[in-house]
Amino acid sequence: MEREPMSSDDRPEAAAAESAQQQQQPLEWRFAQVFGERAAGEDVQEVDIISAIEFDKSGDHLATGDRGGRVVLFERTDTVDSASRRELERQEYPNARHPEFRYRTEFQSHEPEFDYLKSLEIEEKINKIKWCQTANNSVFLLSTNDKTIKYWKVQEKKVKRVSVMNLDTSRSSDNSSTSSPSANSCKALLPNGGCSEKLYSPNNNMSFPPGGCASLRLPVVVTGQDSNHVARCRRVYAHAHDYHINSISNNSDGETFISADDLRINLWNLEINSQSFNIVDVKPANMEDLTEVITCAEFHPTHCNTLAYSSSKGTIRLIDLRQSALCDNHAKLFEEHDAPGSRSFFTEIIASVSDIKFARDGRHILSRDYMTLKLWDLNMDSGPVATFQVHEYLRPKLCDLYENDSIFDKFECCLSGDGLRVATGSYSNLFRVFGCAPGSTEASTLEASRNPMRRQVSNPARPGRTLTSLTRAVRRGGENTGVDTNGNSYDLSTKLLHLAWHPTENSIACAAANSLYMYYA
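A short tour of the structure in this document, coming up. Remember, predicted model here, so these are calculated numbers, not experimental data.

## Quick word on the overall build of the chain
Phase 1: Regarding its fold elements, the chain presents 5 helices and 32 strands.
Phase 2: Here the chain holds 521 residues, and the buried ones make up 44% of them.
Phase 3: Restricting to contacts in the chain with at least 6 residues of sequence separation, those with at least 24 account for 56%.
Phase 4: Accessible surface, the chain as shown: approximately 28,300 Å² in total, 48% of it carbon and sulfur.

This is the structure we're talking about:
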């Protein structure tokens, strides 16, 4: 039997090309949910401003921390069971429902403290939250402020109550009628409520019948159908950092984690809070010789011996814990050298890396400095493989940004689970989404509001090399406003610093002041 030739649609090359073409198409982002949306003109309390966002590995739980030291947990409600999933797989079209989350619980993680030895106030603000491995239907997470890390267990417990324990109504009415004459017959009352006459003598009729009184119900604890979530602090990791903690990161071994401040990185065991091991120390013998500080640190997602940390000079160091106990020497150094003659007073300030994230495959690192996003390949330390301009229109205004301290704002970044897109925040409550697949020209500007796409404007295609020079206009007026090169206003007082990408889906959660917005594509 002669085989028919394959059509163009059946060839693997055509399928791969079609898949790549679909991946390169920009996503259309839609509003999903908002928690804590404020009304127009409503003032935001300082303690309610969100300071940390984190999905867990499954994407079914989301945690936020605020400046008031509280941690709020959300759980997903639109998950489908296995039977429904199999039915959807048989269909030719995917499930179009967007992810839905609901409020689960909240608890006070940190309280304001005062260090009497250093005369220093310690804020309750939550700097970072990290999810740990779940066990026995309980969730575990780490939260930290400037000085203290806490390990929390949150579990769902059935509400227990005491059952009815009074006498039967029918019997109680009879007993009250028969006991009243006896009460009136008391001639002299004793101090403790007793009576001078012996009412309960063996000769009277008030003795208990054999087997006890049938109408008496003893108290019984009954477990009801209602349940609530209880948060309990399992361990406190304190007194290990002289400077403010800027990041924590879980190890893939599920047993250890790191905490980093400006000059040191410590390694902890989750089960031991009495000691930690200092693995990185950049503090010089003379503090006048200090030239850079640690800004962020993160473990490799799969290699438990590898971690990366960034510095205020714009460099990223990859270290191997197997080399030595104190990792003074790095395994790899990632940095981008400035062009000759391009340095200025602000060069080092805007080069400071505020956040780094490993891709899920562990092959790439995403870093965010003040002006750009950079994507690094661990196998190529000569320079970033892609650079994304976040708000290039602010470069001529660096002097003004320095005077009002906006130049020191620390924006976070995140990658999609498939590694094809990256995102970060900007001013005017805007955030940017870039495509980082080869040949992609995706560069979206979205606003943290119920209509995220309303700020979209036409954007010229990328010149020359892919994954570079992506600029978009920012639109919105307000306090501390200015005008960019395209005549659009921007607002420095509203900034989107914190955001997180769902680990398996194209869904983003971002914080605009005290409001948590969620979008899907």
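Further notes follow.
## Quick notes on empty space enclosed by the protein
Phase 1: Following the criterion strictly, the structure yields 1 cavity of 30 Å³ or more and no others.
Phase 2: When its volume is computed, the largest cavity comes out at roughly 50 Å³.
Phase 3: Broken down by secondary-structure element, the contributors of at least two residues to the lining of the largest cavity are strand 8 (128-131), strand 12 (247-250), strand 16 (294-299) and strand 20 (355-358).

## Thoughts on the environment of Ala509
Phase 1: By the element assignment, Ala509 lies in strand 31 (residues 507-512).
Phase 2: Classification of Ala509 as buried rests on a relative accessible area of 0%.
Phase 3: Spatially, the C-alpha atoms of Ala509 and Ala448 are 9.6 Å apart, while their sequence positions differ by 61 residues.
Phase 4: Beyond its immediate stretch of four places on either side in the chain, Ala509 contacts Ile53, Phe55, Leu62, Leu499, Ala500, Leu516, Tyr517 and Met518.

## Focus: the sheet that holds strand 23 (residues 386-389)
Phase 1: In space, the 4 strands of this open sheet follow the order 20-21-22-23, with antiparallel pairing throughout. Edge positions in the sheet fall to strand 20 and strand 23, since each of these pairs with one other strand and no more. Taking the axes of each pair of neighbouring strands and ignoring which way they run, one obtains an average angle of 15 degrees across the sheet.
Phase 2: Direction of pairing for strand 20 relative to strand 21 (residues 364-368): antiparallel, over a ladder of 4 bridges. Looking at the pairing, Lys357 lines up with Leu366 of strand 21.

## Here's the deal with the layout of surface pockets
Phase 1: In this structure, the largest pocket encloses a volume near 1,300 Å³.
Phase 2: Residue lining of the largest pocket: 46 residues in total, with Lys125, Phe408, Asp409, Lys410 and Leu497 positioned closest to the centre.
Phase 3: Considering only residue class, the lining of the largest pocket consists of 20 nonpolar, 12 polar and 14 charged.
Phase 4: Roughly 1,100 Å³ of volume is contained in the second largest pocket.
Phase 5: What lines the second largest pocket is a set of 40 residues, and nearest its centre among them are Glu54, Phe55, Lys57, Lys130 and Glu298.
Phase 6: The class makeup of the residues in the lining of the second largest pocket is 18 nonpolar, 13 polar and 9 charged.

## A look at the sheet that holds strand 31
Phase 1: Taken together, the 4 strands give an open sheet; going across it, the order is 1-32-31-30, and neighbouring strands pair in antiparallel fashion. The open sheet is flanked by strand 1 (30-35) and strand 30 (499-501), the only strands paired with a single partner. Direction aside, the axes of adjacent strands within the sheet are offset by 20 degrees on average.
Phase 2: Pairing of strand 1 with strand 32 (residues 515-520) involves 5 bridges; the strand directions are antiparallel. The partner of Arg30 across the bridge, within strand 32, is Tyr520.

## Quick notes on the pattern of salt bridges
Phase 1: Throughout the structure, instances matching the rule amount to 25 salt bridges.
Phase 2: A salt bridge links Glu28 to Arg30; its shortest N-O distance comes to 3.8 Å.
Phase 3: For Arg30, a relative accessible area of 38% corresponds to the partly exposed category.
Phase 4: The salt bridge involving Glu271 is made with Arg235; its shortest N-O contact spans 2.7 Å. Here Arg235 lies in strand 11 (residues 221-237) and Glu271 lies in the loop between strand 14 (264-269) and strand 15 (272-281), a separation of 36 residues in the sequence.
Phase 5: The buried category is assigned to Arg235, whose relative accessible area is 15%.
Phase 6: Three or more residues joined by partner-sharing salt bridges are found here, namely Lys118, Asp242, Arg264 and Asp281.

## Some thoughts on the side chain of Ser51
Phase 1: Take Ser51: it is sitting in strand 2 (residues 50-55).
Phase 2: Residue classification places Ser51 among the buried positions, given a relative accessible area of 3%.
Phase 3: Looking at Ser51, its side chain comes within polar contact range of the main-chain oxygen of Ile126, at 2.5 Å.
Phase 4: Apart from the residues lying within four places of it in its own chain, the contact partners of Ser51 are Gly65, Asp66, Arg67, Lys125, Ile126, Asn127 and His498.

Conventions we followed
Residues numbered from 1 in each chain as written. Predicted model: local features only at pLDDT ≥ 70, side-chain atom pairs only at ≥ 80, totals over all residues. Heavy atoms only, no water. Helix = DSSP H or I, 4+ residues; strand = E, 2+ residues; numbered from the N terminus. Buried < 20%, exposed > 50% of the residue type's maximum accessible area, 1.4 Å probe, protein only. Contact = heavy atoms within 4.5 Å. Areas by Shrake-Rupley, 256 points an atom, 1.4 Å probe, with all protein chains shown as cover. 1 Å grid on protein atoms, 1.4 Å probe; cavity = no way out; pocket = protein on both sides within 12 Å on 5 of 7 lines; lining within 4 Å. Points joined across faces, edges and corners; volume = space filled by probe spheres on them. Pairing = 2+ DSSP bridges. Axes fitted to C-alpha atoms, helices over the stretch in contact; angles between N-to-C directions. Nonpolar A, V, L, I, M, F, W, Y, C, P; charged D, E, K, R; others polar. Salt bridge = Lys/Arg side-chain N within 4 Å of Asp/Glu carboxyl O. Polar contact = N/O pair within 3.5 Å; in protein donor to acceptor, adjacent residues only side chain to side chain.

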